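Chain by chain, the residues run as shown.
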Amino acid sequence: MKTYNDIYLTTRNILRQRGVEAYGLEAKLIVSKAAGKTVAELMRDLNLYTSDEVYGRVTEYTARRLRGEPIAYISGSWEFYGLPMIITPDVLIPRIDTEVLVDAAKEILTGHRMDARVLDLCCGSGCITCAIGHEMPATRLLAVDISALALDICRKNICLNRLSSRAICMQADAKSSPPLGIGEFDMIVSNPPYIASGEIMGLDVSVRDYEPLWALDGGKDGLDFYRSIIKHWKILLKEKGYILFEVGEGQAEEVVGLLRSAGFSSVDTKKDTLGTERVVIGRL
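Residues numbered from 1 in each chain as written. Predicted model: local features only at pLDDT ≥ 70, side-chain atom pairs only at ≥ 80, totals over all residues. Heavy atoms only, no water.

Asker: Looking at this structure, I do not really get the overall build of the protein chain. What am I missing?
Answerer: Helices and strands together make up the secondary structure of the protein chain, namely eleven helices and nine strands. Against the 2.2 N^0.38 benchmark of 19 Å for 284 residues, the protein chain shows a C-alpha radius of gyration of 20 Å, consistent with a compact globule. Burial analysis of the protein chain (284 residues in total) assigns 51% to the buried set. A fraction of 66% describes how many contacts in the protein chain between residues 6 or more apart in sequence connect residues 24 or more apart. Taken together, the 34 basic and 38 acidic charged side chains of the protein chain have centroids lying 3 Å from each other. (Helix = DSSP H or I, 4+ residues; strand = E, 2+ residues; numbered from the N terminus. Rg over C-alpha atoms; globule rule 2.2 N^0.38 Å. Buried < 20%, exposed > 50% of the residue type's maximum accessible area, 1.4 Å probe, protein only. Contact = heavy atoms within 4.5 Å. Lys, Arg positive; Asp, Glu negative; His and termini not counted. Charge placed at Lys NZ, Arg CZ, Asp CG, Glu CD.)

Rendered as structure tokens:
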């Protein structure tokens, strides 16, 4: 019989030997998932004996990880802006780069539009909606995506983070005109697909083979969604309303130009932790 600590240490060593950068954290996530425990519960129970069934699941999950499957899909959960998020292969895994978008929204709204109505286009897992809703307790939020499967995950995350009284979901296509009667918004935020179609096959195997490609493909130059959102959804912004986009590396200048051409009077950018211009902000 093995203890949880035995299989944790074995898993950690296998991941480390195969070059997994966060081998300690990922080993905890794999073993806790296999055991049906939280990481905190696993740490509490490290010296307890486990079963062959749990060990078998750990072996299976470890093999999946070594084939390139992201740990978030194996564990079914991830963290964004300090919040727990349910994650499945129907949605992209939240990245730390996207936290810059939430930071920018907070900075704009704090002290000015604390009760803002916010639209999250291409919401995916709902991580942006949940983070803004959590950080700005008076906001009201609408999360929009074309994928019914993604919206199901988004609803679960809204519920998980106790935001159901202020955040709702709606199915719509960000590249088409908005549904009638959707109302006006103080702010639109969006992390749309922005990878150029020709670059998809060159992505890391963990992204290309496991994450939903429809949520990555931004068209020939990666800018299709920015053009469509500005064209079709700008009309929903209130006077002096804001639009915030996450953009890919090297895209900020072109998106700035799109916003200026569309009549946004003030346009700015925010850099991520690596110094890349990651967020573009336009104000009417």
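Asker: Mind showing me how you'd approach the pattern of salt bridges here?
Answerer: It is possible for side chains of opposite charge to pair when their charged atoms get near one another. Summed over all chains, the structure comprises 16 salt bridges. Arg-65 serves as the salt-bridge partner of Glu-26, at 2.5 Å between the closest nitrogen and oxygen. Remark: Arg-65 occurs in helix α4 (residues 52-66) and Glu-26 occurs in helix α2 (residues 23-35); sequence separation between them is 39 residues. One exposure class covers both Glu-26 and Arg-65, and it is buried. We note a salt bridge from Asp-186 to Arg-113, for which the minimum N-O separation is 4.0 Å. (Salt bridge = Lys/Arg side-chain N within 4 Å of Asp/Glu carboxyl O.)

Asker: Even after reading the chapter, I still don't get the pairing of strand β2 (residues 83-86), so can you show me in this structure?
Answerer: In regular strands, side chains alternate between the two faces of the sheet. Along β2, the buried face is formed by Leu-83 and Met-85; none of Pro-84 and Ile-86, which line the opposite face, is buried. Pairing of strand β1 (residues 77-80) with β2 involves four bridges; the strand directions are antiparallel. Note that in β2 the partner of Ser-77 across the bridge is Ile-86. (Pairing = 2+ DSSP bridges.)

Asker: Would you mind showing me how to read the packing of aromatic side chains here?
Answerer: In this description, a pair of aromatic rings is defined by centroid distance and the angle of the planes. Tallied over the entire structure, the rule returns two aromatic pairs. Note on Phe-80 and Tyr-81: the rings are 6.2 Å apart at their centroids and 45° apart in plane angle, and the pair reads as tilted. For the pair Phe-80 and Tyr-81, a shared accessibility class is recorded, and that class is buried. Both rings, one in Tyr-226 and one in Phe-245, keep their centres 5.0 Å apart while their planes meet at 90°; by these two values the pair is edge-to-face. Of the two residues, Tyr-226 is situated in helix α10 (residues 224-233) and Phe-245 in strand β7 (residues 237-246); the sequence distance between them amounts to 19 residues. With a relative accessible area of 0%, Phe-245 lands in the buried category. Here the basic side chain of Lys-2 rests over the ring of Tyr-55, its NZ or CZ set 5.5 Å away from the ring centre. Positioned above the aromatic ring of Phe-225, the side-chain terminus of Lys-175 is 5.0 Å from the ring centre. (Phe/Tyr/Trp six-rings, centres within 6.5 Å; stacked < 30°, edge-to-face > 60°. Lys NZ or Arg CZ within 6 Å of the ring centre and 35° of its normal.)

Asker: Looking at this structure, I do not really get α2. What am I missing?
Answerer: An α-helical turn contains 3.6 residues, so a residue and the one three or four places further along point in the same direction. For α2, with 13 residues, the first-to-last C-alpha span of 18 Å sits near the 18 Å given by 1.5 Å per residue. Of all the positions in α2, only Gly-24, Glu-26, Ala-27, Leu-29, Ile-30, Val-31, Ser-32, Ala-34 and Ala-35 are classed as buried. Structurally, α2 contributes buried residues whose contacts are with α1 (4-17), α3 (39-44), α4, α5 (71-75) and β1. Directly after α2, the chain includes Gly-36, whose backbone phi takes a positive value near 70°. (Expected span 1.5 Å × (residues − 1).)

Asker: What am I meant to see in the sheet that holds strand β9 (residues 277-283) here?
Answerer: Where strands meet in a sheet, backbone hydrogen bonds hold them as pairs that are either parallel or antiparallel. Reading across the sheet, the seven strands line up as β5-β4-β3-β6-β7-β9-β8 and stay open at both edges, with mixed pairing between neighbours. The sheet is open, and its two borders are formed by β5 (167-171) and β8 (266-271), each paired with just one other strand. Mean inter-strand twist for the sheet, computed between neighbouring axes without regard to direction, equals 20°. Looking at chain direction, β8 and β9 are connected through six bridges and run antiparallel. Residue pairing in the sheet places Lys-271 in a bridge with Glu-277 of β9. Where helix α8 (residues 148-160) meets the sheet, its contacts fall on β4 (140-145) and β5, and the angle it forms with β5 comes to roughly 175°. (Axes fitted to C-alpha atoms, helices over the stretch in contact; angles between N-to-C directions.)

Asker: Please clarify how the side chain of Thr-276 should be interpreted in this entry.
Answerer: Positionally, Thr-276 belongs in the loop between β8 and β9. Among residues more than four places away in sequence, those in contact with Thr-276 are Glu-249, Lys-270 and Lys-271.

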